[in-house]
Amino acid sequence: MASDPSDISPDLPITPVLGDVAAALEGHGLCVLEAPPGAGKTTAVPPYLLRHAPGPGRILMLEPRRVAARAAAERIAHLLGAQVGGLVGYTMRGARKTSPQTRIEVITEGVLTRMVQEAPDLDGVGTLIFDEFHERALQADLGLTLSLDARSALRPDLRILVMSATLDAAPIAAFLGDAPLIRAQGRAFDVQMRWANAPRTFRTVKARAQATAERVGEAWDETEGSILVFLPGKGEIAQVQAALRLPPGVQVLPLHGSLPFAQQRAVLTPSGARRVILATAIAETSLTVPDVRVVVDGGQARRARFDPATGMSRLVTERVTKAEATQRAGRAGRVAPGWAYRMWARAEEGALGPFPPPEISAADLTGLALDLALWGTPQGEGLRFLTPPPQGTLAEAQKLLFDLNLTDAKGQITAQGRRLAGIPAHPRLAHMIAAGGGAEAAALAALAEARGPIGDTADMSAALRDLLAGRAPKGDVTAAFKRLKPLSGAGRDLSSGALLALAYPDRIGLVRPGDGTRYVLSGGTGARLDPADPMVGTRLLVAATLDGDRQEALIRAALPVAEAELRALFPNRLCTQNLCRWSKRHRRIEARTQTRLGALVLSDQNWKGAGDAEIGPALLAALRDLGLGTLPWTHGARRLQARVAWLRAKGADLPDLGDETLLERLETWLLPMLAGARGLDDLGDLDLTAILSQQLSPAHRATLDRLAPASFTAPTGTRLPIDYAQDRPSVQVRLQELFGLTTHPTAGPEQVPITLHLLSPAHRPVQVTADLPGFWRSSYGDVRKDMRSRYPKHDWPENPDQAQAHRGKVRKKGAGA
C-alpha cells in the first residue's frame, strides 16, 4: 500500500480536508463531507481513513449503482497497487470479490441493508461511508436509518461518514445530531453554456431524439474533446444513436446500468480518441468518464413513481432539476475548459425544480415495509428517517405484504416473510419464487425485473422460452436468472401466467367487452394494450410491467392465464355474490349473480330471486342519478311542498319537504312505499301527495291547514287552490265569484293578504289586488265598464260588495241597468 494518500494523488481537491475528516470521525464518530463531483472523495477518502484513522474492522463504502461500486473498487485497488479481491474488494447483488484480507469493501446500498438485518451489530465493520448520498436513493436512506439505530443500541463505536456533492449538506449534518460538516473545494475549469435559441415542444420521442442528435452534431463541429450526452433511458439512447450523423469512424458508445460490465469498463477506460458517450444519469456523479470536454444535456430524467391509489409503480420522464443540470454541465470542466449544450432555452431555467425528490418520497415502499417488519418496527417505531416515508404509500405496501402472507394482521413479520426477505428480489417476485418454485419462476422474476422492453410484444412467453433455453434476451436478465435460480427450489404444475399471478394478484386483467385493447385489473384500475400488440383480445392476462397514465396504464409485459387456473390458485379470493344495482349505462335496474376475483367479474348471470330489500335501494340509486323529477309529481304534491316551505320561512316548526332534503332522505320517506316495485315504470302509481302528507304529524297538519290552507273558498262555494310558491300566497279567481265579499282573505301567522288574481268570465286576467274592499271602492268602476261591453250577458252590479256572487251568466231584473 502507498505510504501516504499524497502518494496516490497529491493534487486532488479533496486532499487538504482529509485530515479534518479523519479527526472528526475520531472525535465525534459522525461526519458529513461536502465535495463537488471530481474532487476525488470516492477514491481518496477510504485509503486515507484506512491508514490515518484505521480503528477496528473494515471500511464499507456504499455506492448507489453497481457499475459505480465496481469501478470505484478497481480504481482504489489500482491506486494502492493492489488487486481487487485483496485489500480492496466489492460486494453487490449477485457478485462478490473479497477475501479475509479485504479492508476496504465497496458495496451497493441494498447490500448494507441485508448486512445490518443479518447482524445488527455489524461485527467486523469499523466505518461506514455513504458515498453520493445527495442522490437520496431509498436504500441509502434506509441503510443510514438502520445503521444509526444499530449504532445507538449496539455499536456506539461505529463511525459513519456521509459524503455528498449537493450544494446544501447542512440538513444532513443536522439530522446526524449536528455532526461536523466539512466542505472541500472542487477543481473545475470554465464551462461555456450553450442554450437553445428558443423553447421547443417535441410531439414525439423520436422528434426529440432527432433534435438531440442534431445538437450533438453541432457540438462535434464547434468543439473538441469527447462528448457526453445525457439521456433518460436506454430507449432514448438507441434512438439518438440511430439518428446521429457524424464523420465515419467516430466511436459512439452507450452507457447505462444494464450493460455488461466489460462494455461499461470500455467506456470508463481512456482511449485516446475523441468519442461520443450516450449515457443515462449514471454518469452524473457516480462515475468519471475520461476525456470529456463537452456535455449535451437532453434535459430529462427518468424516475420511478409509486401511486398508492393504484398500488403500481411506473417510470415517468420528467424535466431535470437545477442540481442535476449543474452536475451534468460540470462534467465538461473536469480536465480542461469545456462546453455544455442544453436542449432548452435560457428563459426556461427558472421553471426547473431545485433538487430531485428523495426516492423514499415517490417510490414503491414494499421492500422498505418488509425491511421494517424484519427489523421489528413495522411502522418505523423509534427510527429516524431523513425523509419519513409517506404514510399512504407505506400503508399500501403493508397491505400487499399482508396479502402475500409476509406479515400478520399486526404488521409483524411471518416465517414466510423471514424466508422471503433473504431472496434478492422485490417481495412480489420473492413470493412467486418461493410459492411457485422452479427455474420458470426464477426466469419470470428476472424478466419482470428487467429495465425496459424485453421483446417486440407485451407477451413475455417468447422471452421466457429463450431465457430458459439459454438464449438470453438481455445480459442483465441472464445475470438475474443465474442469481435467482438456486433459490427457486422445486417447481409446481402451474402455467407461466399462473406463476406470474402469484407475484401480481392485483394485476390480473380481464378484457373489457367490446374493446380487446382495454382491461380492468383485479386491483380495481384499468390498463390497455397497444392496438398493434398480438395479445389484443386475450380474455385474461397478468401484467408484470405497466407504464403511463394511472387510470389506464399501458401494459408493457404480460402473460395469458386461464380462468380455471385462477380459480384453483386463489380459492380464498373468489367471491360469489348476488348484486342488485342501478345501471347508469343501461338506465335500468340489474339483478345479477356474480363471481368475482377482486374487481374482475369472472361470471355474471341473472338473479331472479331479488326482492324488495334488494330492488328498493337500487331504485333509490336510480332516483339519485336521474333526480326526483322521475317521480310522478302532481300539482297537489308540489303545492303541498310549497305550503310547507312558505310556512317554514315564516318560522313554523314543520319538517323540510324540499327536493334537496327529500333526495337526501329517500330511505326514510320513499323506500317503505316501494314494496312490489321492480323498475322505474312501477313508480307511476305512487301518490306523492299522500306520501308527503305522512311526513307530517297530526299537529303539523293542523298547523298547516290553519295557517297555510290549501285552498280559498269563494262566496260561491268554489274551492280555489292557493299558490304558495312566491313570498305572498295567491289565488286565481273569477271576479264575479267574489261579489258580496267585504273582507280580504289572509294566510299565515301574520295574516298576510292573499294576492287575488281577478279573472274575466273567460278566465283572462283583469286585475291583481291585495285589498279587495279597496278595489270595490276604486278600480272596480272602470273594470265594470269594460266588462259590460265585453260580456253583456253577465251581471256587473254597481255595488259589488252588496251583490250576490255567481259563476255563470245570471242577470237579475234591474241589476246593473
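Up top is the structure.
In every chain, residue numbers begin from 1 and rise along the written sequence. A pLDDT threshold of at least 70 governs which residues receive local features in this predicted model, and a stricter bar of 80 or more applies before side-chain atom pairs are shown or counted, although totals over entire chains, interfaces and linings include all residues. To get the side-chain values, all heavy atoms of the structure are used, and hydrogens and water are removed first.

## With respect to unusual backbone geometry
Part 1: Phi at Glu 132 is positive, roughly 55 degrees, even though this residue is not glycine.
Part 2: For every residue, the accessible area (1.4 Å probe, protein chains only) is compared with the maximum for its type, and the residue is labelled buried under 20%, exposed over 50%, or partly exposed between those bounds. Residue Glu 132 is classed as buried on the basis of its relative accessible area of 2%.
Part 3: Of note in this structure, Asp 291 is not a glycine but carries a positive phi near 70 degrees.
Part 4: Where helices and strands are cited, they refer to DSSP runs of H or I of at least four residues and of E of at least two residues respectively, numbered from the N terminus. Residue placement: Asp 291 occurs in the loop between strand E12 (275-279) and strand E13 (292-297).

## Side note on the packing of helix H16 (residues 438-449) against helix H19 (residues 496-503)
For any two helices packed against each other, the geometry is given by the interaxial angle and the distance between the axes.
Part 1: H19 packs onto H16 with a crossing angle of 60 degrees between their chain directions and a minimal axis gap of 10 Å. Judged by the inter-axis angle, H16 sits oblique to H19. Our pair here, H16 against H19, has a crossing hand that is right-handed. Taken together, the residues of H19 that come into contact with H16 (itself represented by Glu 440, Ala 441 and Leu 444) are Ser 496, Leu 499 and Leu 500.
Part 2: Looking at the contact of H16 with H19 residue by residue, the classes come out as four nonpolar, one polar and one charged. Angular values range over 0 to 180 degrees, each being the angle between N-to-C directions of two axes fitted as lines to C-alpha atoms, with helices fitted over their stretch in contact. Angle categories are assigned with fixed cut-offs, so that under 35 degrees is roughly parallel, over 145 is roughly antiparallel, 65 to 115 is roughly perpendicular, and the rest are oblique. Less than a right angle of anticlockwise turn of the near helix away from the far helix marks a crossing as left-handed, whereas a clockwise turn marks it as right-handed. Any two residues whose heavy atoms approach within 4.5 Å are treated as being in contact. For this classification, the nonpolar set comprises Ala, Val, Leu, Ile, Met, Phe, Trp, Tyr, Cys and Pro, the charged set comprises Asp, Glu, Lys and Arg, and every other residue, Gly included, is treated as polar.

## Quick notes on the sheet that holds strand E5 (residues 104-108)
Part 1: Taking strand neighbours across the sheet as the criterion, the eight strands line up as E4-E3-E5-E2-E6-E7-E1-E8 in an open arrangement whose pairing is mixed. Only two strands of the sheet have a single partner each, and these edge strands are strand E4 (95-97) and strand E8 (181-183). Here the average twist between neighbouring strands, direction ignored, is 20 degrees.
Part 2: We treat two strands as partners when DSSP finds at least two bridges between them. In this structure, strand E2 (residues 58-63) lies alongside E5, joined through five bridges in parallel fashion. By the bridge assignment for E5, Ile 59 is matched with Ile 104.
Part 3: Lying on the sheet, helix H4 (residues 66-79) is in contact with E2, strand E3 (88-92) and E5; it crosses E3 at an angle near 170 degrees.

## Re the sheet that holds strand E24 (residues 600-606)
Part 1: The sheet built from three strands is open, its strands ordered E22-E23-E24 with antiparallel pairing. Because the sheet does not close on itself, it has two edges, and the strands there are strand E22 (574-583) and E24. The average undirected angle you get between the axes of adjacent strands in this sheet is 30 degrees.
Part 2: Here ten bridges tie E22 to strand E23 (residues 588-597), and the two strands are oriented antiparallel to one another. In the strand pairing of E23, Asn 578 is matched with Thr 593.
Part 3: Of the strands in this sheet, E22 and E23 are in contact with helix H21 (residues 612-626), which crosses E22 at around 50 degrees.

## Examining the pattern of salt bridges
Part 1: The term salt bridge refers to a pairing of a side-chain nitrogen on Lys or Arg with a carboxyl oxygen on Asp or Glu at a separation within 4 Å. Taken as a whole and assessed by the stated rule, the structure comprises 36 salt bridges.
Part 2: One salt bridge in this structure joins Arg 114 and Asp 371, with 2.6 Å as the shortest N-O distance. On the criterion of sequence distance, the pair formed by Arg 114 in helix H5 (residues 109-118) and Asp 371 in helix H12 (residues 366-375) is long-range, its members being 257 residues apart.
Part 3: The salt bridge partner of Arg 587 is Asp 625, with a shortest N-O separation of 3.6 Å. Placement of the pair is Arg 587 in the loop between E22 and E23 and Asp 625 in helix H21, with a sequence separation of 38 residues.
Part 4: Several salt bridges share partner residues, and in doing so they unite Arg 303, Arg 305, Glu 318 and Glu 324 into one network.

## A few points about the side chain of His 134
Part 1: For His 134, the position within the fold is in the loop between strand E6 (125-130) and helix H6 (138-153).
Part 2: Between N or O atoms, a polar contact is any pair within 3.5 Å; within protein, one atom must be a potential hydrogen donor and the other a potential acceptor, and residues adjacent in sequence are included only when both atoms are from side chains. One polar contact links the side chain of His 134 to the main-chain amide nitrogen of Ala 165, over a distance of 3.0 Å.

## Digging into the packing of aromatic side chains
Part 1: Stacked, tilted and edge-to-face are the three classes applied to pairs of Phe, Tyr and Trp rings, where Trp contributes its six-membered ring and a pair requires centres within 6.5 Å; stacked means planes under 30 degrees apart, edge-to-face means over 60, and tilted covers the rest. As enumerated under the stated definition, the model contains seven aromatic pairs in all.
Part 2: The interplanar angle of 55 degrees and the centroid separation of 5.2 Å between the aromatic rings of Trp 646 and Tyr 724 together place this pair among those described as tilted. Separated by 78 residues along the polypeptide, Trp 646 in helix H22 (residues 635-649) and Tyr 724 in the loop between strand E26 (719-721) and strand E27 (730-734) bring together distant segments of the chain. For the residue pair Trp 646 and Tyr 724, the accessibility class agrees, reading buried in each case.
Part 3: An aromatic cluster is defined as three or more aromatic residues linked by ring pairs; in this entry it consists of Phe 739, Phe 775, Trp 776 and Tyr 780.
Part 4: Sitting above the plane of the Phe 175 ring, Arg 384 keeps its charged end 4.4 Å from the centroid. Both a distance and an angle decide whether a charge sits over a ring: NZ of Lys or CZ of Arg must be within 6 Å of the ring centre and within 35 degrees of the ring normal.

## Focus on the state of the cysteines
In a disulfide, the sulfur atoms of two cysteines are held together by a covalent bond.
Part 1: Note on terminology: pairs of cysteine sulfur atoms within 2.5 Å are recorded as disulfides. One pass over the full model with this rule turns up zero disulfides.
Part 2: No disulfide involves Cys 575; its sulfur sits 16 Å from that of Cys 580, the nearest cysteine.
Part 3: Of the residues examined, Cys 575 reaches a relative accessible area of 34% and is grouped as partly exposed.
Part 4: For Cys 580, a relative accessible area of 16% translates into the label buried.

## Focus on helix H13 (residues 391-403)
Part 1: One less than the residue count of a helix, multiplied by 1.5 Å, gives the span that helix is expected to have. The terminal C-alpha atoms of H13, which comprises 13 residues, lie 18 Å apart, in line with the 18 Å expected from a rise of 1.5 Å per residue.
Part 2: Taken residue by residue, H13 has Thr 393, Leu 394, Ala 397, Gln 398, Leu 400 and Leu 401 as its buried positions. Buried residues in H13, looked at end-on, bunch into an arc of 160 degrees, giving them a common side.
Part 3: With its phi angle positive at about 65 degrees, Asn 405 sits one or two positions after the end of H13. Relevant arc is that of directions from the helix axis to the C-beta atoms, nothing else.

## Things to note about the environment of Glu 664
Part 1: Note on placement: Glu 664 falls in helix H23 (residues 659-664).
Part 2: The exposure class assigned to Glu 664 is exposed, which follows from its relative accessible area of 56%.
Part 3: Considering only alpha carbons, one finds Glu 664 and Arg 624, 40 residues apart in sequence, at a separation of 8.6 Å.

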